[in-house]
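Results of the structural survey
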Amino acid sequence: QVQLVESGGGLVQPGGSLRLSCAASGFTFSNYAMNWYRQAPGKERELVAGITSAGGSTDYADSVKGRFTISRDNAKNMVYLQMNSLKPEDTAVYYCNALLRTPLREYAYWGQGTQVTVSS
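Of regular secondary structure, the chain possesses zero helices and 11 strands. At 14 Å, the chain has a C-alpha radius of gyration in line with the 14 Å of a compact globule built from 120 residues. Summarising its shape, the C-alpha atoms of the chain cover approximately 45 × 30 × 25 Å along the three principal directions. Within the chain, residue pairs in contact and separated by at least 24 positions form 54% of the contacts whose partners lie at least 6 positions apart.

A separate point is the side chain of Asn97. You can see Asn97 is positioned in strand S9 (residues 92-101). Exposure remark for Asn97: the relative accessible area of 2% places this residue in the buried category. A polar contact of 3.3 Å, which involves the side chain of Asn97, links it to the backbone oxygen of Tyr109. Those residues in contact with Asn97, other than ones at most four positions away along the chain, are Leu4, Ala33, Met34, Asn35, Tyr37, Ala108, Tyr109 and Trp110.

Before going further, it helps to examine the environment of Asp62. Topologically, Asp62 is positioned in the loop between strand S6 (58-60) and strand S7 (68-73). Owing to a relative accessible area of 65%, Asp62 belongs among the exposed residues under this scheme. The sequence separation of Asp62 and Val48 amounts to 14 residues, and the corresponding C-alpha distance is 8.6 Å. A distance of 3.2 Å separates the side chain of Asp62 from the side chain of Lys65, its partner in a polar contact.

This structure, assessed with the given rule, holds five salt bridges. Notably, a salt bridge pairs Glu46 with Arg38, separated by 2.6 Å at the nearest N-O pair. Judged by its relative accessible area of 33%, Glu46 falls in the partly exposed class. Note on Arg38: relative accessible area 6%, which makes it buried. As a salt-bridge pair, Asp90 and Arg38 come within 2.9 Å of each other at their nearest N and O atoms. Pair noted here: Asp90 is in the loop between strand S8 (78-83) and S9 and Arg38 is in strand S4 (residues 33-39), with a separation of 52 residues, a long-range link. The two residues Asp90 and Arg38 agree in class, both being buried. When salt bridges with common partners are traced through the structure, they connect Arg38, Glu46, Arg67 and Asp90 into a single cluster.

Here is what the cut-offs are and how they apply
Residues numbered from 1 in each chain as written. Predicted model: local features only at pLDDT ≥ 70, side-chain atom pairs only at ≥ 80, totals over all residues. Heavy atoms only, no water. Helix = DSSP H or I, 4+ residues; strand = E, 2+ residues; numbered from the N terminus. Rg over C-alpha atoms; globule rule 2.2 N^0.38 Å. Contact = heavy atoms within 4.5 Å. Buried < 20%, exposed > 50% of the residue type's maximum accessible area, 1.4 Å probe, protein only. Polar contact = N/O pair within 3.5 Å; in protein donor to acceptor, adjacent residues only side chain to side chain. Salt bridge = Lys/Arg side-chain N within 4 Å of Asp/Glu carboxyl O.

Shown next, in the form of structure tokens:
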């Protein structure tokens, strides 16, 4: 059974930091690229950060570059999102996503999300 379980969300003041974690199970984690998405109320889900299967390459949305860092530990089947200098506009539900594209099909799994609220 595939599972992605996010944790680490919460309420933080502007300028603060949070570290989100995503625990993966039920699939070969090291074969999958991992991504963090977020969805704010009334807005579409957007890609925040991504990391390749071996962790050699990362990518970020312009809105979070220089503030967020994605990392992974393939030995522990974990992916992380370190969020610094948080802004009120970072408030959203954050989702962990696992993605594998093959010539025949795409495999994508999602977590249930964790709420991040940035407010004074």
